[in-house]
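As a plain string of letters, each chain reads:
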Amino acid sequence: EGYWYFINDGHYITKNKKIHLNPEFLEGTYFQTGYYEFDSEGRMIGGLNGLHNGRDIGEIPFLVTTDGYDIKSGLLLRGGETDGAVRDITDEQMQLGIDIVKDFGIKTEMDLRGANEGGKDLFGESILHKYYNMVMYAEIFTDAGKERVREVFADLADPDNYPIYLHCTYGCDRTGTICYLLEAMLGVSRGDCLKEYGLSNLYIANILAVESG
């Protein structure tokens with residue numbers, strides 16, 4: 001299903017742990033050397049091969065509301081661009097990303113980039129592709145920023161839009177901001193919202209370190 005696992009020296013699946021993976025372990029994948037976290041089932045979090053920084057927020061075990069509810073899986077997949085508008089993505093990587101997103105059964109591609117960033121419609125005419133020109137960080141508190149956030153959440157509130165693929169370029173800043181707000185509204189603690197955001201920091205830092213030489 002696109003998930004990756006790590007078998008440690010004791011021949012056990014690594015669970016509930018963050019570890020550093022060297023090139024020898026990542027051969028044959030598109031992952032870069034760096035730290036990766038594994039959930040209670042042993043699946044790499046944010047590790048859908050071919051979909052950079054991709055994860056279903058309902059599949060993250062620590063994202064539980066303060067009153068004990070899980071976030072429903074299969075509704076919101078978050079990640080980075082699959083079209084190579086900014087990142088140098090090979091045709092094979094692009095197709096892997098497309099396949100993962102399409103297998104998720106999305107109805108709506110919520111693209112937080114601006115229409116002028118070179119994005120492409122990759123998932124077919126039956127999938128609604130909408131740009132939001134989303135801002136990030138302190139800019140969300142400006143009048144223009146609040147309007148962008150309102151538009152995003154109006155679409156997130158529409159059940160007819162699901163399942164959704166929510167993304168920007170790297171799946172970190174704009175996507176992370178929206179997901180942080182969404183998880184907080186659902187009742188996830190501030191610490192766990194920050195932890196989920198931090199998964200992006202680790203994953204993207206690994207990529208950027210390699211891309212910058």
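Since the model is a prediction, treat every value here as computed from it, not as a measurement.

S.K.: An account of the nonpolar core is requested, with residue identities and associated values reported.
M.R.: Formed by 27 residues in total, the largest nonpolar core has its most connected members in L112, V152, L156, L166 and I178. Among the elements of the structure, helix 3 (143-156), strand 8 (164-167), helix 4 (173-186) and helix 5 (190-211) are those that each provide at least two residues to this core. The element best represented in this core is helix 3, accounting for four residues. Among the nonpolar cores identified, the runner-up in size contains 13 residues, and M94, I106, I127 and Y165 belong to it.

S.K.: A description of helix 3 should follow, citing residues and the corresponding values.
M.R.: Taking 1.5 Å of rise per residue, 14 residues should cover 20 Å, and helix 3 covers 20 Å from first to last C-alpha, within 8% of that figure. Burial in helix 3 covers these residues: G145, V149, V152, F153, D155 and L156. Seen from one end, helix 3 has its buried residues packed into an arc of 160°, which puts them on one side. Where helix 3 is buried, its residues meet strand 6 (108-111), strand 7 (128-131), strand 8 and helix 4.

S.K.: Tell me about the pairing of strand 2 (residues 34-38), and please be specific about residues and values.
M.R.: In the case of a regular strand, side chains alternate between the two sheet surfaces. Of all five residues that make up strand 2, four are buried, and the element is covered over most of its length. Relative to strand 2, strand 1 (residues 17-21) runs antiparallel, the two being bridged by five bridges. Within strand 2, the position partnered with L21 by the bridge is G34. Of the pairings in the sheet, the one linking strand 2 to strand 3 (residues 44-45) comprises two bridges and is antiparallel in character.

S.K.: Give a description of the packing of aromatic side chains that names residues and reports values.
M.R.: For the structure shown, the criterion picks out three aromatic pairs. Relative to F25, the ring of F6 has its centre 5.2 Å away and its plane inclined at 85°; by these criteria the two rings are edge-to-face. One end of the pair, F6, is in the segment before strand 1; the other, F25, is in helix 1 (residues 23-26), with 19 residues separating them in the sequence. Classification of F25 as partly exposed rests on a relative accessible area of 41%. Both rings, one in F123 and one in Y165, keep their centres 6.4 Å apart while their planes meet at 85°; by these two values the pair is edge-to-face. A residue pair is termed long-range when its members are at least 10 positions apart, and F123 in the loop between strand 6 and strand 7 and Y165 in strand 8 qualify at 42 residues. Among the aromatic residues, those joined into a ring-pair cluster are F6, F25 and F38. Sitting above the plane of the F62 ring, K195 keeps its charged end 4.4 Å from the centroid.

S.K.: With reference to specific residues and values, describe the sheet that holds strand 2.
M.R.: On the basis of which strands lie adjacent, the open sheet formed by three strands has the order 1-2-3 and antiparallel pairing. Looking at which strands have only one partner, the edges of the open sheet turn out to be strand 1 and strand 3.

S.K.: Quick one: what's the story with the packing of helix 3 against helix 4, residue by residue and with numbers?
M.R.: Two elements in contact, helix 3 and helix 4, have axes separated by 12 Å at closest approach and are oriented at 55°. Classified by the angle between their axes, helix 3 and helix 4 sit oblique to one another. Relative to helix 4, the crossing made by helix 3 is right-handed. Contact residues: helix 3 offers V149, V152, F153 and L156, while helix 4 offers I178, L181, L182 and M185. Of the residues contributing to the contact of helix 3 with helix 4, the split by class is eight nonpolar, no polar and no charged.

How each quantity is defined
- Residues numbered from 1 in each chain as written.
- Predicted model: local features only at pLDDT ≥ 70, side-chain atom pairs only at ≥ 80, totals over all residues.
- Heavy atoms only, no water.
- Core = buried A, V, L, I, M, F, W, Y, C linked by side-chain atoms within 4.5 Å.
- Buried < 20%, exposed > 50% of the residue type's maximum accessible area, 1.4 Å probe, protein only.
- Helix = DSSP H or I, 4+ residues; strand = E, 2+ residues; numbered from the N terminus.
- Expected span 1.5 Å × (residues − 1).
- Arc of directions from axis to C-beta.
- Contact = heavy atoms within 4.5 Å.
- Pairing = 2+ DSSP bridges.
- Phe/Tyr/Trp six-rings, centres within 6.5 Å; stacked < 30°, edge-to-face > 60°.
- Lys NZ or Arg CZ within 6 Å of the ring centre and 35° of its normal.
- Axes fitted to C-alpha atoms, helices over the stretch in contact; angles between N-to-C directions.
- Parallel < 35°, antiparallel > 145°, perpendicular 65-115°, else oblique.
- Left-handed = near helix turned anticlockwise from the far one by under 90°.
- Nonpolar A, V, L, I, M, F, W, Y, C, P; charged D, E, K, R; others polar.

The analysis is restricted to geometry; functional conclusions fall outside its scope.
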